[in-house]
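Architecture at a glance
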Amino acid sequence: MSELWYELEPFLQQGTLGLVNGAFYAILSLGLAVIFGMLNVVNFAHGAQFMLGAFVAWMLLNWAGIGYWGALVLAPLIVGLLGVVIERTMIARLYKLDHLYGLLLTFGLALIIEGTMRNAFGSSGLPYQVPEAFRIPPVDLGYMLMPAYRFWIVIVSLVVCFGTWYAIEKTKLGSYLRAAVERPQLVQAFGINVPLMMTATYGAGVALAAFAGVLAAPVYSVNPAMGANFIIIVFAVVVIGGMGSILGSIVTGYILGVIEGFTRVYYPEASATVVFVIMAIVLLVRPTGLFGRA
Amino acid sequence: MSITRRTLLTGTAAAGALPLVTPLRHARAQAANTIRIGVLNDQSGLYRDLSGPGSTQAVRLAVQESGITTRGVNVEVAEADHQNKPDVGSTIVRQWLDRDGFDVIVDVPTSSVALAVNTLCRERNKVLLVSGAATSDLTGSACSPNTIHWTYDTWMLARGTGGATVAAGGRTWFFITADYAFGHALERDVSNFVRAAGGEVLGGVRTPFPGTTDFSSFLVQAQRSRAQVIGLANAGGDTINSIKQAAEFGITRRGQKLAGLLVFISDVHALGLQTAQGLVLTATFYWDLNDNTREFTRRLGRMPNDVRPSMVHAGCYSAVLHYLKAVEAMGVQAAKASGAAVVERMKAMPTDDICFGKGTIRQDGRKIHPAYLFEVKSPQESRGPWDYYKLLQTIPADQAFRPLNEGGCPLVRT
Amino acid sequence: MPRSQAIALALLVAFIAAAPFILFPVYVMKVLCFALYACAFNLLLGYAGLLSFGHAAYFGMGSYLSAHAAKIWGFTPELAILTGGLTATILGTAFGYLAIRRQGIYFAMITLALAQMVYFFCVQAPFTGGEDGIQAVPRGALLGVLDLAPDFTLYWVVAGLFLAGFLFLYRIVHSPFGQVLKAIRDNEARAISLGYRSDDYKLLAFVLSAAIAGIAGGTKAIVFQIATLTDVNWPMSGEAVLMTLLGGIGTMFGPVVGALIIVTLQAELAQFGAWVTVIQGVIFVGCVLAFRRGVIGELQQAIRRPL
């Protein structure tokens, strides 16, 4: 029994830790999917906006004395507002064009944001402490010690992800949103302001990324490259899940986090590539993605 | 003095603005009385704070203090960003040496770039003064009559941190190693010292490089090994993340010690003392070490991003100061004619400056000075901004670096 | 060839012939390698409407294999470059087969993800030398007789190679095959209904594009005597996009002009560090918002002739 337990232990440990990474994948791919669903734009700047969320949290703390809990609300608002400005002044002008231009524009924005932060703050990263409330000894799960803050990440990400899913799939506002995706002209004719809705959606998607950024700040170092590391993996997650489905992108995010965790026990060298390998396999078997519609 | 400085800056601006359309003849027509220094380092990436524009500032200070410009020699300082990429670095250096007539390249953090520039400088008989790069190959298999490796190297880091930690009671080790050549080399070197000092390596894990932000999985494996010391054979952001997450998982509180094998003061600053306290590391310079180093910090003035000088900055200053002494001793004409001759002269002269004290340069191009084992202070111990280290041990100059006959440098004749 | 393009080609040839006497030859060779790379990329984006965000994989693997062949296997430079091209062809076939299963934005994301996989492979594979890359690659002697070590000699070989590649691409674009590609780009459903198997056409275009990108990468490795992770990392893919966008998507000469501008910009701005990234981003945004035709595209519009 104890021998079996010893074999099983790393599996459980890495699975649990993978869930934390999965939480970030899920929030980020959810934001991408929401933006893509509504605007038909792949937001390449998503990683940069995630990074910006962490930086704004740092600025709030060091320049305005606003701590973690304030930042958790304010940083997404501020970055989301920036998203609104970006959508109004730039992205809105591209809706009639090929979708690829949206990708190129946001790619350019990502470069600008990253480069600017690098100039302003250097690249070695800035410290951001775990909030006071979580500075308690790690929780003993029996098979490992889990820092309380990581628990919080998993829980809050679940709440946010399924809250968003619920808002889109089950509420009246969500139904307008879904209708506007299918038939924008018709919805507009019913007197609903579709352009405003698109702006709000982009702002909300960006705010989600920034929210994830604030969550990540105490765990990873706050540095200009933190988003670029994530975004390509999240792209693969989105391809695997299929962008058509909100729920799909959430579930795929968590699952891939856990799979990545397992890889770290058995073949750590491959843990960076496993997501891409899975993507290739999914493409061969089911080109539309696990949850996608043709 | 201010006039000297201004002319210097104008000269620099002109050098930087040299357009690509400059005819080749232009470079040939350069005044024979000008020494051109190219500071090549990371101006935008991970090593910006520990080298970057601060190194250029240190080089300018060295030029100014040498007084060489008041004696009729022009010195121009240019800087460029190699982005930590060997191909970008070698492109810049080709242009500097082949087209713009530069005489010496300084700093060059990132071992891969330094090795590429090492070859170019040797082929063209120019001078390379390495401060930022770590690889001890520069004075080993890749040693060159045109290169001096000034500040530190991987052997010294491994000796300092590996050897001293075992002596202090950390007998069993587990490595978290960045999965690329540099990480592997560091792990190998430290393992040798650990075993030689009677310690034991229990295991290790290779982390994908780059792109690993979450080290928790690897830290949990390290914890499981029950080793007394977790050696971090990585650099920059990887080191920062692993230390930060180790604190989060309470690894240090449960008695395991972290040994950072390549940690700079800018990294400690990024981590904050709350997280970094107790970390053991090796360096050859610390701004608050003694009156001289504090004087250097004062003279250097305000630095980009308000950092304090790192050992890399100090190395750039010290190397250029010594280089200019050699140039004056042999005359500008002779110095420009042969880089190897300048390096030969530099090796023949003892070094002395406020950063590293008195020292020498060995035949294989290794600059010799003491190294220091530091421990990062706790927030309670720190008395002010950037008061980060307490000295644990001084490693005397004759023990700090790899013995001359063990490097395999072809220049060394026994 | 229409007269406008013939004149442009004559200007290009004249520039290439005169350049090494006025400019630093290594710099012009760099421009030519990147121009060929961007042209190869443009075959896919400009004429087949497929945005690949992973061309670094072919450029980089071409570069690595050429360097390896020249240094370790002792191949002559022309064989080494060919090895690089061949590697990229094989890789392009495999990745193209996967990627063309999806269109538009998905295609872009898939190519990006696959290229990132190649990047991670290169970081770990022993033959690439990891961080250090493959350094000190010998330039060798062309066909075993002509020593390429002097920049000036090598220049003419690179120039010849670039022109050959450029004309080859011109031929492809203006062949019946190229016409079908354009038809697929403009309306895939219609092309299919006309009986063209669009997947086959897209795959062939993908493979050709990858192959030429590989040759461009191989040439670069021989010129700079180094092959590194930079060549295979995603910003390199972004550069192909940027050069093509700036020069003019779907124009023959656009990518060449784009490469010239971007390479010059990078060299001139090298001392400004992170601002290079910002400026590249600004160019991206500016082009997408206000300058979608690019330099040559605008020129083309102004003179109402194809370029």
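Predicted model, so just to flag it, every value in this text is computed and none were measured. Along every chain, residues carry numbers that run from 1 in the direction the sequence is written. Naming scheme: in the order in which they are written, chains are lettered from A and ligands are numbered from 1. Reporting of local features is limited, given that this is a predicted model, to residues whose pLDDT is at least 70; pairs of side-chain atoms are given and counted only at 80 or more, and all residues count toward the totals for whole chains, interfaces and linings.

Observations concerning the overall build of chain A
- Counting its regular elements, chain A contains 11 helices and two strands.
- Put simply, DSSP marks the helices as runs of H or I at least four residues long and the strands as runs of E at least two long, and each gets a number from the N terminus on. Counting from the amino terminus, chain A carries its helices and strands in the arrangement α-α-α-α-β-β-α-α-α-α-α-α-α.
- In this description the radius of gyration comes from C-alpha coordinates, and the expected globular size is given by 2.2 Å times residues to the power 0.38. Since a compact globule built from 294 residues should have a radius of gyration of about 19 Å, the 20 Å found for chain A is in line with a globular shape.
- Considering only C-alpha atoms, chain A reaches an extent of 65 × 50 × 35 Å along its principal axes.
- Comment: burial labels come from other C-beta atoms within 10 Å of the residue's own C-beta, placed from the backbone, where a count of 20 or more is buried, 12 or fewer is exposed, and between is partly exposed. The buried share of chain A, taken over its 294 residues, is 56%.
- Our contact criterion uses C-beta atoms placed from the backbone: two residues qualify when those atoms are within 7 Å. Counting only contacts in chain A whose residues sit at least 6 apart along the sequence, the fraction spanning at least 24 positions is 76%.

Re the interface of chain A and chain C
- Taken together, the 33 residues of chain A in the interface contact 32 residues of chain C.
- Residue assignment for the side of chain A that touches chain C shows that the elements contributing at least two residues are helix 4 (99–121), helix 9 (226–241) and helix 11 (274–285) of chain A.
- Here the term charged refers only to Asp, Glu, Lys and Arg, the term nonpolar to Ala, Val, Leu, Ile, Met, Phe, Trp, Tyr, Cys and Pro, and the term polar to all other amino acids, Gly among them. Across the side of chain A that touches chain C, the residue classes tally to 23 nonpolar, six polar and four charged.

Thoughts on the nonpolar core
- In terms of nonpolar packing, the biggest core is built from 358 residues, with Val320 of chain B together with Ala113 of chain C touching the most fellow members.
- Ranked by residue count, the leading element in this core is helix 2 (residues 25–48) of chain C, at 20 residues.
- As annotated, the domain borders come from an automatic or database domain assignment. Built from parts of two domains, this core gets at least three residues from each of domain 1 (2–152 + 290–368) and domain 2 (155–283 + 370–399) of chain B.
- If we ignore the near neighbours within four places in the chain, the residues touching Ala113 of chain C are Ile232, Phe235, Ala236, Val239, Phe276 and Met279 of chain A. Nonpolar cores are built from buried Ala, Val, Leu, Ile, Met, Phe, Trp, Tyr and Cys residues. These are joined into a set through C-beta atoms within 7 Å.

Focus on the sheet that holds strand 12 (residues 357–361) of chain B
Residue and element names in this part refer to chain B.
- One open sheet holds the three strands; their spatial order is 11-12-13, and the pairing between them is antiparallel. A strand with exactly one partner marks an edge of an open sheet, and here the two such strands are strand 11 (351–353) and strand 13 (367–368).
- DSSP calls a pair of strands paired once it identifies at least 2 bridges connecting them. Judged from the two bridges that link them, strand 12 and strand 13 form a sheet pairing that is antiparallel. Within strand 13, the residue paired with Ile361 across the bridge is Lys367.

Observations concerning the packing of helix 7 (residues 176–186) of chain C against helix 9 (residues 198–224) of chain C
All names here are of chain C.
- Here helix 7 crosses helix 9 at 115°, and the two axes come no closer than 10 Å. Taken together, helix 7 and helix 9 sit at an angle that is classed as roughly perpendicular. Helix 9 is crossed by helix 7, and the crossing has left-handed handedness. Residue-level inspection shows Val180, Leu181 and Ile184 of helix 7 in contact with helix 9, the latter providing Ser198, Tyr201, Lys202 and Ala205.
- Across the contact of helix 7 with helix 9, the residue classes tally to five nonpolar, one polar and one charged. The axes are straight lines fitted to the C-alpha atoms, using for helices just the contacting stretch, and the angles between their N-to-C directions are given from 0 to 180°. Roughly parallel means an angle under 35 degrees; roughly antiparallel means over 145; roughly perpendicular covers 65 to 115; every other angle is labelled oblique. The sense of a crossing depends on the near helix, which, turned anticlockwise from the far helix by less than a right angle, makes the crossing left-handed and, turned clockwise, makes it right-handed.

Focus: the pairing of strand 9 (residues 257–260) of chain B
Residue and element names in this part refer to chain B.
- Summarising the sheet, strand 8 (residues 229–233) and strand 9 pair through four bridges and their orientation is parallel. From the neighbouring strand, Leu232 faces strand 9, where its bridge partner is Gly260.
- By convention, a crossover is right-handed whenever its connection, traced from the first strand over the helix to the second and viewed with the strands pointing away, goes clockwise. Viewed along the sheet, the connection from strand 8 through helix 9 (residues 236–248) into strand 9 turns out right-handed.

Some remarks on the interface of chain B and chain C
- Taken together, the contact between chain B and chain C spans 29 residues of the former and 26 residues of the latter.
- Taken together, the elements giving at least two residues each to the side of chain B that touches chain C come down to strand 2 (74–81), helix 4 (86–99), helix 5 (111–123) and helix 7 (181–196) of chain B.
- With nine residues, the top contributor of residues to the side of chain B that touches chain C is helix 4 of chain B.
- Residue classes in the side of chain B that touches chain C are distributed as 14 nonpolar, eight polar and seven charged.

A closer look at the domain arrangement of chain B
Residue and element names in this part refer to chain B.
- When cut into domains, chain B gives domain 1 (2–152 + 290–368) and domain 2 (155–283 + 370–399).
- With centres defined by C-alpha atoms, the gap from domain 1 to domain 2 works out at 30 Å.
- On the side of domain 2, 13 residues touch domain 1, which itself brings 14 residues to the contact.
- A breakdown of the residues in the side of domain 1 that touches domain 2 according to their chemical character gives eight nonpolar, four polar and two charged.

Description of the confidence of the model for chain B
All names here are of chain B.
- You can read pLDDT as the predictor saying how much it trusts each residue, on a scale of 0 to 100. Here chain B shows a mean pLDDT of 86. Residues at 70 or above account for 92%.
- For residues 1–30, every residue scores under 50 in pLDDT, and the model assigns this stretch 34 contacts once sequence neighbours within four places are set aside.
- Across the interface, the model reports ipTM at 0.85; the global pTM reads 0.83.

Some points on the pairing of strand 1 (residues 34–41) of chain B
All names here are of chain B.
- In terms of burial, strand 1 is largely enclosed, as seven of its eight residues are buried.
- Relative to strand 2, strand 1 runs parallel, the two being bridged by eight bridges. Residue pairing for strand 2: Ile35 is matched across the bridge by Val75.
- Pairing between strand 1 and strand 3 (residues 104–107): four bridges, direction parallel. In the strand pairing of strand 3, Val39 is matched with Val106.

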